[in-house]
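Structural characterization, general
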Amino acid sequence: MDRQKAIELLHQYIKSTNMLNHCFASEAVMRSLALRLGRDEDKWGMAGLLHDLDVELVKGDMYVHGQETGRILKELNVDPEIIDAIRMHNETSSGEKRSKEFQFALAAGETITGMIVATALVYPDKKIETVQPKSVIKRMKESKFAASVRRENIMECEKIGIPLNEFVELSLNAMKKISNQIGL
């Protein structure tokens, strides 16, 4: 599946502008991670783009989220590694522990996008451009800030060999490049 078909698929299943923007942000972060680690940028980007394809379909039910995306993508003959990473990004529905670099990267990459957006939204200008990595890390330590963000997923960046500070900076820079597209 090429990127244009993936975007058409996203628009078929996702109506929320915020959710679409999250998918585009996750794609940017995953591409940046792939480049940093010498992995397939298109494959990792596709996983970031499509990871929440079913979130509106399953009405946010975390016990099935990811599984329905896997079914849809399997019918479309999408790369099984992409399907596996998407299925595993939500440990609540899979009931399995992530064990592969691609799985850790997607869980960390898509989760940091939420933390970065949440951090930007508390700034007066509400712009990613002004967010600093240290601010994101500080917010990660605040238990009530962005309560829906699973901070332990972000820490999986270390399982792929990227220290937290570098991971946050890399992710933030990737999102800054598309900040106009995602409205932040």
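Please refer to the structure placed before this passage.
Note that the coordinates shown come from a computational prediction; the quantities given were computed from them, not determined experimentally. (Residues numbered from 1 in each chain as written. Predicted model: local features only at pLDDT ≥ 70, side-chain atom pairs only at ≥ 80, totals over all residues. Heavy atoms only, no water.)

Examining the overall build of the chain
The helix and strand tally for the chain stands at 10 helices and zero strands. Shown N-terminal to C-terminal, the secondary structure of the chain runs as helices and strands in the order α-α-α-α-α-α-α-α-α-α. Expressed as lengths along the three principal axes of its C-alpha atoms, the size of the chain is roughly 45 × 30 × 30 Å. Across the chain, every contact between residues at least 6 apart in sequence was considered, and the portion connecting residues at least 24 apart equals 62%. Approximately 8,900 Å² of the chain is accessible, and the part contributed by carbon and sulfur atoms is 51%. A distance of 5 Å separates the average location of the 26 positive side-chain charges in the chain from that of its 27 negative side-chain charges. (Helix = DSSP H or I, 4+ residues; strand = E, 2+ residues; numbered from the N terminus. Contact = heavy atoms within 4.5 Å. Areas by Shrake-Rupley, 256 points an atom, 1.4 Å probe, with all protein chains shown as cover. Lys, Arg positive; Asp, Glu negative; His and termini not counted. Charge placed at Lys NZ, Arg CZ, Asp CG, Glu CD.)

Considering helix H1 (residues 3–13)
For H1, the set of buried residues is Ala6, Ile7, Leu9 and Leu10. One face of H1 carries all of its buried residues, which in axial projection span an arc of 160°. Every exposed residue of H1 that faces more than 90 degrees away from the buried side is listed here: Lys5 and Gln12. Contacts from the buried residues of H1 go to helix H2 (17–37), helix H3 (41–50) and helix H4 (67–75). At the N-terminal end of H1, a side-chain oxygen is found 3.3 Å from the backbone nitrogen of Gln4, two or three residues along, and the residue is Asp2. (Buried < 20%, exposed > 50% of the residue type's maximum accessible area, 1.4 Å probe, protein only. Arc of directions from axis to C-beta. Polar contact = N/O pair within 3.5 Å; in protein donor to acceptor, adjacent residues only side chain to side chain.)

Section: unusual backbone geometry
Here Asn77, not a glycine, exhibits a phi torsion of approximately 60°, which is positive. Structurally, the position occupied by Asn77 is in the loop between H4 and helix H5 (80–88). By relative accessible area, which is 69% here, Asn77 ends up exposed.

Some points on the packing of H1 against H3
At a minimum axis separation of 10 Å, H1 and H3 run at an interaxial angle of 10°. Looking at the two axes, H1 sits roughly parallel to H3. Taken together, the residues of H3 that come into contact with H1 (itself represented by Arg3, Ala6, Ile7, Leu9 and Leu10) are Met46, Leu49 and Leu50. When the residues that make up the contact of H1 with H3 are grouped by side-chain class, the tally is seven nonpolar, no polar and one charged. (Axes fitted to C-alpha atoms, helices over the stretch in contact; angles between N-to-C directions. Parallel < 35°, antiparallel > 145°, perpendicular 65-115°, else oblique. Nonpolar A, V, L, I, M, F, W, Y, C, P; charged D, E, K, R; others polar.)

Some words on the packing of aromatic side chains
This model, assessed by the stated rule, comprises one aromatic pair. Note on Trp44 and Phe102: the rings are 5.1 Å apart at their centroids and 10° apart in plane angle, and the pair reads as stacked. One end of the pair, Trp44, is in helix H3; the other, Phe102, is in helix H7 (residues 101–121), and 58 residues separate them in sequence. It is Arg139 that lies over the ring of Phe145; its NZ or CZ is 4.9 Å from the centre. (Phe/Tyr/Trp six-rings, centres within 6.5 Å; stacked < 30°, edge-to-face > 60°. Lys NZ or Arg CZ within 6 Å of the ring centre and 35° of its normal.)

Brief notes about the nonpolar core
Ranked by size, the top nonpolar core spans 61 residues in total, and within it Leu33, Ile112 and Met115 carry the most contacts. Discounting chain neighbours no more than four positions away, the residues touching Leu33 are Trp44, Ala105, Gly109, Ile160, Ile162, Phe167 and Leu170. (Core = buried A, V, L, I, M, F, W, Y, C linked by side-chain atoms within 4.5 Å.)

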